[in-house]
Every structure is written in C-alpha cells, then in structure tokens.
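An overview of the molecular structure
The chain contents come next:
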Amino acid sequence: VQWSFQVSLFGFLLAVTAKILYAFELFDFQGENYDRNRLELGIGVCLCMGSLMIHLFSYVNSTLVGWNNLFDMTRDLMNILVKRGADGDKRLEPLSLVVALVGLVFVTLALIPGEQI
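Below you will find a few notes about this structure. (Residues numbered from 1 in each chain as written. Predicted model: local features only at pLDDT ≥ 70, side-chain atom pairs only at ≥ 80, totals over all residues. Heavy atoms only, no water.)

**Considerations on the overall build of the protein chain**
Broken down by element type, the protein chain carries four helices and zero strands. Relative to the compact-globule value of 13 Å for 117 residues, the protein chain shows a C-alpha radius of gyration of 19 Å, a clear excess of over 25%. The principal-axis extents of the C-alpha atoms in the protein chain amount to approximately 60 × 40 × 20 Å. For the protein chain, with 117 residues in total, the buried portion stands at 17%. Look at the contacts in the protein chain between residues 6 or more apart in sequence, and 42% of them connect residues 24 or more apart. (Helix = DSSP H or I, 4+ residues; strand = E, 2+ residues; numbered from the N terminus. Rg over C-alpha atoms; globule rule 2.2 N^0.38 Å. Buried < 20%, exposed > 50% of the residue type's maximum accessible area, 1.4 Å probe, protein only. Contact = heavy atoms within 4.5 Å.)

Written out as structure tokens, the structure is:
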C-alpha cells in the first residue's frame, strides 16, 4: 500500500506537469502560436515540478521504515509479485504478470525512435 501511494504521487505530479504543458501549449514549436516566452515558461514549469519531485523523492527515501530507499522497496515488491505469479494456486496472478510484460514491450517499442508496431 505504501509503495502504491508513493508511486501514484509521482505519477500524479508528472500528469499535472504534462497537463500544464499541453493546456498552455508551452512546447508547441510548430504551431502558429510559437513564442520564445512560452518555451521559457515551459522550461520553468518542468524545472519547478522536477524540483518538487526530487524534494519529495528525497523526503520519501529518508522516511521509509524497513527499507533503505524506494528502489529497495520496489525490488522487494516485484520479487513478491513474481513469486506469487509463479505459484499456480492463483489464476489471475500469472495473467497479471503476462499483461504487465506485454505492456512493457509496447512501452519499449513506443520509446524506440522510428519503430512502429
């Protein structure tokens, strides 16, 4: 539960940043409303939100109980999920792992420049 809250907090902040950039067209290089001031404002928004995320990440890492940092907590959670998924008693656990792996493949393909599915 704690891991889900921490990750969703960073996901929410990332989504808010993307919404601000999109709504105000701050990185619209090819549009007719291109303005250097908007570009500078977009960079400022990214830096401010990045600073907030770094600060919160640092705070989260300093207050975890039972783990040294969020990465260790993530590793332990993934180990638990893989072990539960490999166990044949539960039918939906292996399915969720397969769906997650397929999703990771699609995300990886989307991040490769020039590649299309």
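**What to know about the nonpolar core**
Counting 12 residues, the largest nonpolar core is built from Trp3, Phe10, Leu13, Leu21, Leu26, Val45, Met49, Met53, Val60, Leu64, Leu70 and Met73. Elements supplying a minimum of two residues to this core: helix H1 (2–23), helix H2 (36–63) and helix H3 (70–86). If we ignore the near neighbours within four places in the chain, the residues touching Leu13 are Met49, Leu52, Met53 and Leu56. (Core = buried A, V, L, I, M, F, W, Y, C linked by side-chain atoms within 4.5 Å.)

**Thoughts on the pattern of salt bridges**
Counting across every chain of the model gives four salt bridges. The partner of Glu40 in a salt bridge is Arg36, and the shortest N-O contact between them spans 3.5 Å. Here the residue Glu40 and the residue Arg36 both occupy positions in helix H2, the gap between them amounting to four residues, near one helical turn. Residue Asp72 is joined to Arg75 by a salt bridge in which the shortest nitrogen-to-oxygen separation is 3.1 Å. Separated by three residues within a single helix, Asp72 and Arg75 lie in helix H3, roughly one turn from each other. A residue is classified by how much of its surface remains accessible, and Arg75, at 47% relative accessible area, is partly exposed. Among the charged side chains, a network of salt bridges with common partners joins Asp72, Arg75 and Asp76. (Salt bridge = Lys/Arg side-chain N within 4 Å of Asp/Glu carboxyl O.)

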